[in-house]
Amino acid sequence: MLPGISTELTRLPGPLPVWHGVIDAADWQAAAIGVAQQGGRLVALWGSGGGDSRTPAVHAAYATSTGLTWLELPQAGSDASYPDLSGLFPFANRMQRAVRDLSGLNAAGAADTRPWLNHGAWPRNYFPLGDAASAQSMPDRGEVVDYSFVRVEGDGVHEIAVGPVHAGIIEPGHFRFSVVGEKVLRLEQRLGYTHKGTEKRFTELAPHQAYRLAGRVAGDSTVAFAWAYCMALESAAGCDIPVRGRSLRALLLERERVANHLGDLGALGNDAGLGVALAQFSRLKEDWLRLSRQLFGHRFMMDCVAPGGVECDLDGAGIAALIAQCDSIQREVQQLRAMFDEHAGLQDRFSGAGRVSPELAIRLGLTGLAARASGQSQDLRCEHAWAPYDSLAVNVATQSAGDVAARVAVRFDETLESLRLVRSIAADLPAGAVRVKFLLKRESARGAGWVEGWRGEVLVTLEVDGQEGEPRIRRCHCHDPSWQNWPVLEHAIIGNIVPDFPLINKSFNLDYSGHDL
Amino acid sequence: MWNIVKQIARTGRPTEAPPQASDELRVETDRIQRELLQILGQALTIRLVDAGSCNGCELELNALGNPYYNMEGLGIKFVASPRHADMLLVTGPVSRNMEMALKRTYDAAPEPKLVLAVGDCGRDGGIFGESYATCGGVAKVIPVDLVVPGCPPPPIEILRGILTAVRRVRSQKRVEPS
């Protein structure tokens, strides 16, 4: 339900309010303006190829107070294009470039048309998600061309080029700093190094098996993506899952949130020179992962969320162990928080570093955890509380300073809140089955899964085709909130010194693999 | 400061007194340390190259530094440059976008250029396979000494793999023990 558009939208089945509609270019533009004026957000933008009597299309998903609206704009003819959205939503720039690289669809009037995911490893006229005919599986190598970074010129300005192979144990990407002395004048990121054809791979897997691939879109968000994928598949099939399975999914998601916050809080302390924080938090994280291994069979709970429910269960002893661990970790986290708060040197590094003001956050479309540290109270677990969150009354953690200190505070608050949620879910686990078997209908269908992962909202949209033979995936798009937040990091670093970059970067801890796909 | 000291004292040394399930691990890590010194006569330095992984393997590599595994205490260290590394540890189904960077990193590393491919993806491309965007396993791009399978392999398996690769060097006499 969007203001300003005339097209009738269809509600898709599923636990969250999701609407879909096929629109024309005028409505595409009107919807974008309407959402921007209403304070809604563009969640994702992607393309789909033609073939088999289908028209290629560009898709956009918007979040407003009424839910998620998935708009599809057909792109018939070789000269088709769609109106550029980057004027209203600046982060749409990279998504539009990715759509061009993967699907061959163009945003009319876009100022920046540099390739984004295509680094020259495949030809510019090969579109892996384009028409079936043009997307043969193994194209020739393309030509590696220089990427035109924006140059900063002036007296004493020089560039520092970092990556793609980074110095630490982190994912690959390239950062180009323009600095004068130690001060950063500009950062430009170049990503896409971990692009591994994930979305094309989806079309080669059976819908009931592809949840394993969704669980490997981003290793640190495996539960979030697997849940979103399964929600999309269940939505396409119009299937409900057992209440116990639903609760266990939420329990796994909150455990994933805690695991990541524990790891990052330690790393943040370490990046500011407090080594003991890393030792302490990494010890807690290891305890946490070991219990996951013991109870759910995998340290990161990969493949635990499966179509129709979950592939794990808890007995009385397991529940007791979970609750006891939440109690002990809570005590330790509170002690460590006191240690952080009282450490003047640490606070000096945290305060004011990498600041994103609430106004800037709104203008640039910052989302998720980082947005909550910049005064935005968005959190799907409250905005559209789906079961079991509708009965858990999640407290959204917010801060307004928008600096590293604020993001650290949000992580502490969210850790403690998720410990409460894990305890509450475990103590009140409904009886019954954890998983139900279901079949896709023998017709084309679409579904969407929308989940608040630890980094922010994760969206999976799925189109399945069941008309001939076995059902297959026609298109599966996975969206990580890092698409929105990477460009904001370029702003957050401006005016800070180079040695603070690792700290500021860690406070966002954005994803490469989930972004590059 | 007082709080920090208290916290450290309260925690004790998890490496020395691991939980019961980890007794085997402690024996294992002691042995690894002895062997490393015996074979290399020095610390082992490793450069990680994430050549397209989902970040799952990196989470486990980071875990190797926690007090339970205390990898640096064993004399194994991740270094910032391939020029300082005895071993390259490579994760991911090598993406075509990382292919050149991986080759150049390999070229930059000094002999013996030990290469450990970590994870199912590093072995053969894993669930991502081989495509317009990926080369498949690490061995498709640079010579690999040993593979540690798993998705992701748990930290102790990675440690075991590191030791096995070093041992293999001894048996092949690529490096003379001092």
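Keep in mind that what you see is a predicted model, and the values were worked out from it rather than measured. (Residues numbered from 1 in each chain as written. Chains lettered and ligands numbered in written order. Predicted model: local features only at pLDDT ≥ 70, side-chain atom pairs only at ≥ 80, totals over all residues.)

**Section: the overall build of chain A**
Reasoning step 1: When helices and strands are counted, chain A shows 16 helices and 15 strands.
Reasoning step 2: The globule rule puts the C-alpha radius of gyration for 517 residues at 24 Å, and the 22 Å found for chain A is close to it.
Reasoning step 3: In terms of principal-axis extent, the alpha carbons of chain A reach across some 70 × 65 × 45 Å.
Reasoning step 4: Residue burial in chain A is summarised as follows: out of 517 residues, 56% are buried. (Helix = DSSP H or I, 4+ residues; strand = E, 2+ residues; numbered from the N terminus. Rg over C-alpha atoms; globule rule 2.2 N^0.38 Å. Buried ≥ 20, exposed ≤ 12 C-beta atoms within 10 Å, placed from the backbone.)

**Digging into the sheet that holds strand β9 (residues 174-180) of chain A**
Residues and elements named next belong to chain A.
Reasoning step 1: As summarised here, the arrangement of the three strands in space is β8-β9-β10, forming an open sheet in which the pairing is antiparallel. Strands at the two margins of the open sheet, each flanked by one partner only, are β8 (157-162) and β10 (183-190). Neighbour-to-neighbour, the strand axes of this sheet turn through a mean angle of 20 degrees, independent of strand direction.
Reasoning step 2: With six bridges connecting them, β8 and β9 associate as antiparallel partners. Along β9, the bridge assignment pairs A161 with R176. (Pairing = 2+ DSSP bridges. Axes fitted to C-alpha atoms, helices over the stretch in contact; angles between N-to-C directions.)

**Description of the interface of chain A and chain B**
Reasoning step 1: Taken together, the contact pairs 44 residues of chain A with 42 residues of chain B.
Reasoning step 2: Going through the elements one at a time, α3 (198-202), α4 (211-214), α7 (275-296) and α8 (316-342) of chain A are the ones with two or more residues in the side of chain A that touches chain B.
Reasoning step 3: A total of six residues in the side of chain A that touches chain B trace back to one element, the largest contributor, which is α7(A). (Contact = placed C-beta atoms within 7 Å.)

**As for helix α5 (residues 222-237) of chain A**
Reasoning step 1: Counted at 1.5 Å a residue, the expected span for α5(A) with its 16 residues is 22 Å, and the 22 Å between its end C-alpha atoms agrees.
Reasoning step 2: Counting buried positions over the 16 residues of α5(A) gives 16, a clear majority of the element. (Expected span 1.5 Å × (residues − 1).)

**Concerning the pairing of β9(A)**
Reasoning step 1: Across seven bridges, β9(A) lies against β10(A) in antiparallel orientation. Directly across from A:F175, in β10(A), lies its bridge partner A:Q189.

**Some thoughts on the packing of α8(A) against helix α1 (residues 2-11) of chain B**
A pair of packed helices is characterised by two quantities: the angle between their axes and the separation of those axes.
Reasoning step 1: Their axes nearest at 9 Å, the elements α8(A) and α1(B) cross at an angle of 150 degrees. Between α8(A) and α1(B), the crossing angle belongs to the class labelled roughly antiparallel. The chirality of how α8(A) crosses α1(B) is left-handed. For the pair α8(A) and α1(B), the contacting residues are A:Q335, A:A338, A:M339 and A:E342 in the first and B:N3, B:I4 and B:Q7 in the second.
Reasoning step 2: Taken together, the residues that form the contact of α8(A) with α1(B) break down as three nonpolar, three polar and one charged. (Parallel < 35°, antiparallel > 145°, perpendicular 65-115°, else oblique. Left-handed = near helix turned anticlockwise from the far one by under 90°. Nonpolar A, V, L, I, M, F, W, Y, C, P; charged D, E, K, R; others polar.)

**Details of the domain arrangement of chain A**
Residues and elements named next belong to chain A.
Reasoning step 1: On domain assignment, one finds that chain A holds domain 1 (10-108), domain 2 (158-196 + 481-517) and domain 3 (198-480).
Reasoning step 2: On a C-alpha basis, the centres of domain 1 and domain 3 stand 26 Å from each other.
Reasoning step 3: Each partner contributes to the interface: domain 1 provides 21 residues, whereas domain 3 provides 20 residues.
Reasoning step 4: When residues of the side of domain 1 that touches domain 3 are traced back to their parent elements, those giving at least two are β2 (18-22), β3 (41-48) and β5 (67-74).
Reasoning step 5: Looking at the side of domain 1 that touches domain 3, the element that brings in the most residues is β3, giving six residues.
Reasoning step 6: Across the side of domain 1 that touches domain 3, the residue classes break down as 16 nonpolar, four polar and one charged. (Domains from an automatic or database assignment.)

**What to know about the nonpolar core**
Reasoning step 1: Counting 205 residues, the largest nonpolar core has A:F225, A:A228, A:Y229 and A:V460 as its most contacted members.
Reasoning step 2: Each residue touching A:F225, except ones within four places of it in the same chain, is listed here: A:A214, A:G215, A:V217, A:A218, A:V458, A:V460 and A:C478. (Core = buried A, V, L, I, M, F, W, Y, C linked by C-beta atoms within 7 Å.)

**Looking at the environment of B:T91**
Reasoning step 1: Of note, B:T91 is situated in strand β3 (residues 87-91).
Reasoning step 2: Discounting residues that sit within four places of it in the chain, B:T91 has contacts with B:D50, B:A51, B:S53, B:C57, B:E58, B:V118, B:G119, B:C121 and B:G122.

**Considerations on unusual backbone geometry**
Reasoning step 1: Backbone torsion omega between A:G163 and A:P164 reads 20 degrees, so that peptide bond is classified as cis.
Reasoning step 2: Looking at the secondary structure, you find A:P164 in the loop between β8 and β9.
Reasoning step 3: At the junction of B:C151 and B:P152, the peptide bond is cis and its omega measures out at -20 degrees in the coordinates.
Reasoning step 4: Checked against the element boundaries, B:P152 lands in the loop between β5 (146-148) and α6 (155-172).
Reasoning step 5: Despite not being glycine, A:A393 has its phi angle at roughly 45 degrees, a positive value.
Reasoning step 6: Looking at where A:A393 falls in the secondary structure, it is placed in the loop between α12 (380-383) and α13 (404-427).

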